[in-house]
Amino acid sequence: MNTISVYKSPAGKAKIMALYDSVLERWPVTHETFMLPTRQGDTFVIASGEKSAPALMLLHGSASNAVSWIGDIVEYSRHFRVYAVDLPGEPGKSTENRPAWVGSDYAVWLEDVLDGLNITKTSLLGISQGGWTALKFATIYPQRVNKLVLLASGGILPARSSFILKAVIYSMFGHWGSQKIIQMVNGKQPMHPEAIEFMEAIYTHFNTRVEKEYLYSDDELIRLNMPVMYIGGEQDALFDTAAAAKRLQKLVPLLKVVLIPNMGHALINLSAETLPFLTAS
């Protein structure tokens, strides 16, 4: 495991954790929290909804954390026992260890989380890096996945080189640069001021992971034998979502695609789109 902090300073980490706690205090449904041991390190989970309901795992994106699901948690919790998980190595309460992109580390990590929660089979919903993580698990352990929802998922196509170049340049310019990165990620999607404040704190005080994510092969993606939903914003600055959908359509038999006009990479508050798919028998 790596030992280098993912934060730029202890004070910066404290600021991000304070913002995290302030959002969690306003979590709009009854919930429990767990810290689970895994082979990658301790993992923080926020659990909401009836314990007897089917399981749904929510996996956030890069430079984000589990409380980013606060806008959708009420609706998801009406139908599922929902587990919002802090990915390792990201600005949440889980371990700062960053599993390797290549190999099975992320799948083994999520396997440990499910086993720790006594979940045999679950639906997975992930955005961006969370979608990449869901794909890693679903391609290795398809028998443990009921349904798979991918929001602007990584791992299908490489990120646009123009986005990466701009993000690297902007990251050198402090607060102004952080605002420019946020504008690229969000596009025209309106964001709550507190969400913007949280994103600015993360981009200012957190060392975003910069190495390229692993791209899944055709042989891996054809293992997705469960119902899969792919949602992308047509104005996504990070991924060519139309091309990603086209690739999936060639490989995944039970696929539903939704491309949303005038939306960028930050696909938020989409429970109205995803719940009919997730709850269909």
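Structure: above.
Scope of this entry: the structure provided in the associated data block.

Quick notes on the rules
- Residues numbered from 1 in each chain as written.
- Predicted model: local features only at pLDDT ≥ 70, side-chain atom pairs only at ≥ 80, totals over all residues.
- Heavy atoms only, no water.
- Pairing = 2+ DSSP bridges.
- Helix = DSSP H or I, 4+ residues; strand = E, 2+ residues; numbered from the N terminus.
- Axes fitted to C-alpha atoms, helices over the stretch in contact; angles between N-to-C directions.
- Expected span 1.5 Å × (residues − 1).
- Buried < 20%, exposed > 50% of the residue type's maximum accessible area, 1.4 Å probe, protein only.
- Arc of directions from axis to C-beta.
- Contact = heavy atoms within 4.5 Å.
- Salt bridge = Lys/Arg side-chain N within 4 Å of Asp/Glu carboxyl O.

**A few points about the sheet that holds strand β4 (residues 81-85)**
Right, on to step 1. Spatially, the eight strands line up as an open sheet ordered β1-β2-β4-β3-β5-β6-β7-β8, and their pairing is mixed. Of all the strands in the sheet, the pair left with one neighbour each is β1 (31-36) and β8 (255-260). Across the sheet, the mean angle from the axis of one strand to that of its neighbour is 15°, orientation sign disregarded.
Right, on to step 2. By the bridge criterion, six bridges tie strand β7 (residues 228-233) to β8 in an arrangement that is parallel. Residue pairing for β8: Y230 is matched across the bridge by V257.

**Some points on helix α1 (residues 10-25)**
Right, on to step 1. Over its 16 residues, α1 runs 22 Å from end to end, which matches the ideal 22 Å to within 8%, given 1.5 Å per residue.
Right, on to step 2. All of the buried residues in α1 are G12, I16, M17, L19, Y20, V23 and L24. On an axial view of α1, the arc spanned by its buried residues comes to 160°, and they lie on one face. Summarising the geometry of α1, the exposed residues directed more than 90 degrees from the buried face are P10, A11 and E25.
Right, on to step 3. Buried residues along α1 sit in contact with β1, β2 (43-48) and α7 (193-205).

**Here we look at the pattern of salt bridges**
Working definition: two side chains of opposite charge can pair if their charged atoms are close together.
Right, on to step 1. Summed over the entire model, instances satisfying the criterion amount to eleven salt bridges.
Right, on to step 2. The closest approach of N and O atoms between E75 and R78, which form a salt bridge, is 3.2 Å. Within this pair, E75 and its partner R78 are both found in helix α2 (residues 73-79), separated by three residues, close to a single helical turn.
Right, on to step 3. Overall, R78 belongs to the exposed group, its relative accessible area being 57%.
Right, on to step 4. For D218, the salt bridge identified is with R247, shortest N-O distance 2.8 Å. Here D218, found in helix α8 (residues 218-221), pairs with R247, found in helix α9 (residues 241-251); they are 29 residues apart in sequence, far enough to count as distant.
Right, on to step 5. The network of salt bridges with shared partners includes E32, K51 and R81.

Keep in mind that these numbers describe shape and distance, not what the molecule does.
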